[in-house]
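Inside the fold
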Amino acid sequence: MQEIIESAWKNRSLLNEPKIQKTIRNVISKLDDGKLRVAEPTKDGWKVNLWIKKAVVLYFPIQKMKTIEAGPLEFHDKIPLKKDYKNKGIRVVPHAVARYGAYVSKGVILMPSYINIGAYVENGTMVDTWATVGSCAQIGKNVHISGGVGIGGVLEPLQSSPVIIEDNVFLGSRSIIVEGVRICSEAVLGANVVLTSSTKIIDVTEPKPKEYKAIVPSRSVVIPGSYTKHFSAGSYQVPCALIIGKRKDSTDKKTS
């Protein structure tokens, strides 16, 4: 499958061939079932399967626009909606929407929210009201994605690495994680923390600050912050994120 996807990626005229289309749809079906995923954990961290992400991108041009009806609601799109939640053991509150090609594990709770194609959400996770899980984002076990959280996708614009949220992470309300940022296990993000690939993440728990980018270490407690940056027009405050400590019992009580 990988060879076929790579060939179609280099030569888009091949998308008209039935064999190519069948392979692309097979990849999306396996994503929907959780048998394939865009990124997967390894002993050394995470491995990104770029060819699978390419298959997701190639799925759009071979699909035709269709009207989708869900009770009184109507949609007009290329990608079907995910179905059969009861047999999958997933609690879905109106108006939660997940696209076909996103894997949602048994035991997940979806409040009114949105999960895009290629995403992977593991068991015990709560996707709270008006939260969005972007295309190909990887969400671990027992993650709490609070109300209004925005987890970015990787299709528009096309980026190499998806956002990765590891097991037992708590994401505070209105926090935003985009551009392939990785939140390691049991970390806690406070409300309104915004993380991009270029955001400074500064550990201020020691006498000398320690700076990270695109990764939040395991069990870190993070709040919004700012630092002074000098420009030609003057000095201004620029947003950053501050690691103010490690997760402890009192943190668990607050996030419970």
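Computed from a prediction, not measured in an experiment: that's the story for all the values here.

Parameters and conventions
Residues numbered from 1 in each chain as written. Predicted model: local features only at pLDDT ≥ 70, side-chain atom pairs only at ≥ 80, totals over all residues. Heavy atoms only, no water. Helix = DSSP H or I, 4+ residues; strand = E, 2+ residues; numbered from the N terminus. Rg over C-alpha atoms; globule rule 2.2 N^0.38 Å. Buried < 20%, exposed > 50% of the residue type's maximum accessible area, 1.4 Å probe, protein only. Contact = heavy atoms within 4.5 Å. Pairing = 2+ DSSP bridges. Salt bridge = Lys/Arg side-chain N within 4 Å of Asp/Glu carboxyl O. Axes fitted to C-alpha atoms, helices over the stretch in contact; angles between N-to-C directions. Left-handed = near helix turned anticlockwise from the far one by under 90°. Nonpolar A, V, L, I, M, F, W, Y, C, P; charged D, E, K, R; others polar. Core = buried A, V, L, I, M, F, W, Y, C linked by side-chain atoms within 4.5 Å.

A word on the overall build of the chain
The secondary structure content of the chain amounts to five helices and 26 strands. Against the globule reference of 18 Å for 256 residues, the chain gives a C-alpha radius of gyration of 20 Å, in line with a compact fold. Across its three principal axes, the chain shows a C-alpha extent of roughly 60 × 40 × 40 Å. Taken over 256 residues, the chain has a buried fraction of 46%.

Concerning the side chain of S113
Summarising the element assignment, S113 is placed in the loop between β8 (109–110) and β9 (114–115). You can call S113 buried: its relative accessible area is 6%. Leaving out residues up to four positions away in the same chain, S113 has contacts with H95, A96, V97, V127, D128, W130 and A131.

Observations regarding the sheet that holds strand β12 (residues 132–133)
With respect to topology, six strands assemble into an open sheet ordered β6-β9-β12-β15-β18-β21, the strand pairing being parallel. The sheet terminates laterally at β6 (97–98) and β21 (194–195), the two strands that pair on one side only. In terms of strand pairing, β12 meets strand β15 (residues 150–151) through two bridges, oriented parallel. Note that in β15 the partner of T132 across the bridge is G150.

A word on the pattern of salt bridges
Applying the stated criterion to the full structure yields seven salt bridges. The closest approach of N and O atoms between E6 and K54, which form a salt bridge, is 3.0 Å. Here E6 is found in helix α1 (residues 2–10), whereas its partner K54 is found in helix α3 (residues 50–62), with 48 residues between them in sequence. For the salt bridge of R219 with E186, the shortest nitrogen-to-oxygen distance reads 2.8 Å. Here R219 is found in the loop between β24 (215–216) and β25 (220–231), whereas its partner E186 is found in the loop between β19 (182–183) and β20 (188–189), with 33 residues between them in sequence.

With respect to the pairing of strand β4 (residues 73–77)
One ladder, built from five bridges, connects strand β3 (residues 66–70) with β4; its direction is antiparallel. Of the residues in β4, the one forming a bridge with E69 is E74. Two successive antiparallel strands, β3 and β4, enclose a turn made up of two residues, where G71 displays a positive phi of approximately 65°.

So, the packing of α1 against helix α2 (residues 18–33)
Where α1 contacts α2, the two axes come as close as 10 Å, and the packing angle between them is 115°. You can see that α1 and α2 cross each other, and the crossing is left-handed. Every residue of α2 that contacts α1 at I4, I5, S7 and A8 is listed here: K19, I20, T23, I24 and V27. Its residues placed into classes, the contact of α1 with α2 shows six nonpolar, two polar and one charged.

Let's talk about the nonpolar core
In a soluble, globular protein the nonpolar side chains are often hidden away together inside. Grouped together as the largest cluster of nonpolar side chains are 37 residues, with contacts concentrated most on I115, I145, I165 and I183. Listed in part, the 23 residues of the second largest apolar core include V27, I28, V38 and A55.

Focus on the sheet that holds β19
Taking strand neighbours across the sheet as the criterion, the six strands line up as β7-β10-β13-β16-β19-β24 in an open arrangement whose pairing is parallel. Two strands lie at the open edges of the sheet, namely β7 (103–104) and β24, each paired on one side alone. Where β19 lies against β24, two bridges are found, and the strand directions are parallel. The partner of I183 across the bridge, within β24, is V216.

Describing the pairing of strand β26 (residues 234–246)
Two strands pair when backbone bridges link them, and strand β22 (residues 200–203) and β26 are joined in this way by three bridges, in the parallel orientation. Considered in β26, the bridge of I202 is made with L242. Judged from the 12 bridges that link them, β25 and β26 form a sheet pairing that is antiparallel. Its bridge partner lying in β26, G225 is registered against C240. The hairpin formed by β25 and β26 contains two residues between the paired strands.

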